[in-house]
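Now for the letters of each chain:
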Amino acid sequence: MITLQNPLGTISMNADYFAELVSLAARSCYGVAGMATGGAHDDFKSLFFGSDFPEKGVRVTQSDGRLTIELHIKVGYGLNIATIVQSITHKVKHEVENATGLKVERIEVSVDDIVAD
């Protein structure tokens, strides 16, 4: 659960909201072929939910009011990975900060697969 303190009280947002927000922002970037599983936990969940579920490849944690976002992606073959990652970090940070009012401290992008068209 991610929380935001403001003068009127506390706002709590669940992990599914952030996972969907981050996933949509990342997948909209040029060169991203899809989200990859982020380890054994995602591999296990894909057995039950199929190959696509909201939090696939996304992990969001909060520390001292700042967010750390971990992404696992697949990219298209022959594209500049550094440019894709830079695009994703800018887009995700902008989308999350505008939608929630929370500050993003760090975005870690792992390219787990290269997909041929």
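These numbers come from a predicted model, not from an experiment.

Asker: Outline helix α1 (residues 15-27), supporting the account with residue identities and numerical values.
Answerer: In this model, α1 (13 residues) spans 18 Å end to end at C-alpha, consistent with the 18 Å of a helix rising 1.5 Å per residue. Among the residues making up α1, those that are buried are F18, A19, L21, V22, S23, A25 and A26. Buried residues belonging to α1 abut β1 (2-6), β2 (9-13), β3 (32-35), β4 (58-63), β5 (66-76) and α3 (81-100).

Asker: Tell me about the pairing of β2, residues and numbers included.
Answerer: Inspection of the sheet shows β1 paired to β2 by five bridges, in the antiparallel sense. For N6, the partnering residue across the bridge sits in β2 and is G9. Between the end of β1 and the start of β2, which pair antiparallel, lie two residues.

Asker: Summarise the packing of aromatic side chains; cite the residues concerned and give the values.
Answerer: As enumerated under the stated definition, the model contains one aromatic pair in all. An angle of 80° between the planes, with centres 5.6 Å apart, marks the rings of Y17 and F18 as edge-to-face. On the basis of relative accessibility, which here comes to 35%, the residue Y17 falls in the partly exposed class. What makes F18 buried here is its relative accessible area of 0%.

Asker: Lay out α3 in plain terms, naming residues and giving numbers.
Answerer: Given a rise of 1.5 Å per residue, 20 residues ought to cover 28 Å, and the 28 Å separating the end C-alpha atoms of α3 matches this to within 8%. For α3, the complete set of buried residues consists of I84, I88, T89, V92, V96, E97 and T100. Considered in projection along α3, the buried side chains sweep an arc of 165° and stay on one side of the axis. Every exposed residue of α3 that faces more than 90 degrees away from the buried side is listed here: H90 and N98. Those residues of α3 hidden inside the fold are in contact with β1, β2, α1, β3, β5 and β6 (103-115). Where α3 begins, the side chain of N80 points an oxygen toward the backbone nitrogen of A82, at a separation of 3.0 Å. Within two residues after α3, G101 carries a phi angle of roughly 85°, on the positive side.

Asker: Break down the confidence of the model for the chain for me, citing the residues and quoting the values.
Answerer: Looking at the chain, the pLDDT average stands at 83 and 84% of residues meet or exceed 70. Ranking the helices and strands of the chain by mean pLDDT puts α3 first, with 94, and helix α2 (residues 40-49) last, with 49.

What counts, and at which threshold
Residues numbered from 1 in each chain as written. Predicted model: local features only at pLDDT ≥ 70, side-chain atom pairs only at ≥ 80, totals over all residues. Heavy atoms only, no water. Helix = DSSP H or I, 4+ residues; strand = E, 2+ residues; numbered from the N terminus. Expected span 1.5 Å × (residues − 1). Buried < 20%, exposed > 50% of the residue type's maximum accessible area, 1.4 Å probe, protein only. Contact = heavy atoms within 4.5 Å. Pairing = 2+ DSSP bridges. Phe/Tyr/Trp six-rings, centres within 6.5 Å; stacked < 30°, edge-to-face > 60°. Arc of directions from axis to C-beta. Polar contact = N/O pair within 3.5 Å; in protein donor to acceptor, adjacent residues only side chain to side chain. pLDDT = per-residue confidence, 0-100.

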